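An overview of the molecular structure
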Amino acid sequence: MRVLAMSDTHGAHQSAAKVVAQCGCDLVLHAGDLYEDARRIAAATGVRVLAVAGNSDGIRAGPRERVFELGGFRTMLVHGHQYDVKQRLDRLVYRGLEIGARLVVFGHTHLPVDFAEQGIRFINPGSLSTRRLRTPHPTYCLLSFSDGTVSSRIVEVR
């Protein structure tokens with residue numbers, strides 16, 4: 001299974017939809033900001049999108065956190081602002097441990113990261129929005145699930 005993880009599109013749903021169309025993925029994970037972008041990306045590409053709302057979304061935009069099975073991994077999808085991920089990651093790690101996650105996909109910082117902590121894989125795909133870019137280029141993450149393993153690759157859009 002091939003999954004594209006993205007976050008912080010901030011209205012750049014057309015360029016995000018182009019990325020989705022080019023990658024040939026089975027599923028998109030959208031880690032918030034903006035929740036409405038996820039619906040537009042799904043409509044434009046026909047690819048299923050699981051999304052959460054972020055700090056730039058209204059209170060009723062969508063769920064703030066999702067927990068589900070993905071490729072044999074208990075997965076948490078969250079924007080991350082509610083765990084102060086710009087300042088620290090320990091609260092996000094504790095939440096992952098609390099729910100028994102093996103994979104956590106989050107956003108909010110606009111900076112791509114991929115690391116493991118206490119048996120949990122944490123991935124922030126960065127931002128696909130050039131309006132709020134904190135890295136030289138927009139980024140996303142490709143995840144591949146096979147035989148109980150997950151591989152990942154952070155990709156820069158040039």
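This section reports on the structure supplied with the text. All values derive from a computational prediction rather than experimental measurement.

Criteria and cut-off values
- Residues numbered from 1 in each chain as written.
- Predicted model: local features only at pLDDT ≥ 70, side-chain atom pairs only at ≥ 80, totals over all residues.
- Heavy atoms only, no water.
- Helix = DSSP H or I, 4+ residues; strand = E, 2+ residues; numbered from the N terminus.
- Buried < 20%, exposed > 50% of the residue type's maximum accessible area, 1.4 Å probe, protein only.
- Polar contact = N/O pair within 3.5 Å; in protein donor to acceptor, adjacent residues only side chain to side chain.
- Phe/Tyr/Trp six-rings, centres within 6.5 Å; stacked < 30°, edge-to-face > 60°.
- Lys NZ or Arg CZ within 6 Å of the ring centre and 35° of its normal.
- Pairing = 2+ DSSP bridges.
- Axes fitted to C-alpha atoms, helices over the stretch in contact; angles between N-to-C directions.
- Contact = heavy atoms within 4.5 Å.
- Core = buried A, V, L, I, M, F, W, Y, C linked by side-chain atoms within 4.5 Å.
- Arc of directions from axis to C-beta.

Structural notes on the side chain of Asp 8
As for its placement among the helices and strands, Asp 8 is situated in the loop between β1 (2-6) and α1 (13-23). Asp 8 gets classed as buried once you look at its relative accessible area, which sits at 0%. In terms of polar contacts, Asp 8 uses its side chain to reach the side chain of Ser 7, at 2.7 Å. From its side chain, Asp 8 meets the backbone nitrogen of His 108 in a polar contact 3.0 Å long.

Some thoughts on the packing of aromatic side chains
Tallied over the full model, the rule gives 2 aromatic pairs. With 5.8 Å between their ring centres and 65° between their planes, Phe 73 and Phe 145 make a pair best called edge-to-face. In this pair, Phe 73 is assigned in strand β5 (residues 73-78) and Phe 145 in strand β9 (residues 139-146), connecting sequence segments 72 residues apart. Judged by its relative accessible area of 6%, Phe 73 falls in the buried class. For the pair Phe 115 and Phe 122, a centre-to-centre distance of 5.1 Å together with 10° between the ring planes defines the contact as stacked. Accessibility expressed as a relative area gives 0% for Phe 122, which makes it buried. Cation over ring: Arg 102 sits above Phe 73, and NZ or CZ is 3.9 Å from the ring centre.

Quick word on the sheet that holds strand β2 (residues 27-30)
Spatially, 5 strands are ordered β3-β2-β1-β9-β10 in an open sheet, and the strand pairing comes out mixed. Whereas interior strands pair on both sides, the edge strands pair on one side only; in this sheet they are β3 (48-51) and β10 (149-156). Looking at each pair of strands side by side, their axes are set apart by 25° on average, direction ignored. As paired elements, β1 and β2 share 4 bridges and run parallel to each other. Each bridged residue has a counterpart across the sheet, and for Leu 4 the counterpart in β2 is Val 28. Along the sheet, α1 makes contact with β1, β2 and β9, crossing β1 at roughly 165°.

Brief notes about unusual backbone geometry
At the junction of Asp 33 and Leu 34, the peptide bond is cis and its omega measures out at 15° in the coordinates. Position of Leu 34 relative to the elements: it lies in the loop between β2 and α2 (35-45). Of note in this structure, His 10 is not a glycine but carries a positive phi near 45°. By the secondary structure assignment, His 10 is in the loop between β1 and α1. Although it is not a glycine, Asp 147 adopts a positive phi angle of roughly 50°. Following the sequence through the fold, Asp 147 ends up in the loop between β9 and β10.

Quick look at the nonpolar core
Of all hydrophobic cores here, the largest spans 18 residues; its most connected members are Val 3, Leu 29, Leu 70, Leu 77, Leu 143 and Phe 145. Within the residue set of this core, elements represented by two or more residues are β1, β2, β4 (65-70), β5, β6 (103-105) and β9. For this core, the element with the highest residue contribution is β9, accounting for 3 residues. Those residues in contact with Phe 145 that sit more than four places away from it in its chain are Met 1, Val 3, Leu 70, Gly 71, Phe 73, Leu 103 and Val 150. Val 19, Ala 38, Val 47 and Val 155 belong to the second largest nonpolar core, which has 17 residues in total.

Remarks on α1
Those residues of α1 lying buried are His 13, Ala 16, Ala 17, Val 19, Val 20 and Cys 23. The arc enclosing the buried residues of α1, seen along the axis, measures out at 155°, which places them on a common side. Of the exposed residues in α1, those oriented more than 90 degrees away from the buried face are Gln 14, Lys 18, Ala 21 and Gln 22. Structurally, α1 contributes buried residues whose contacts are with β1, β2, α2 and β9. Directly after α1, the chain includes Gly 24, whose backbone phi takes a positive value near 65°.

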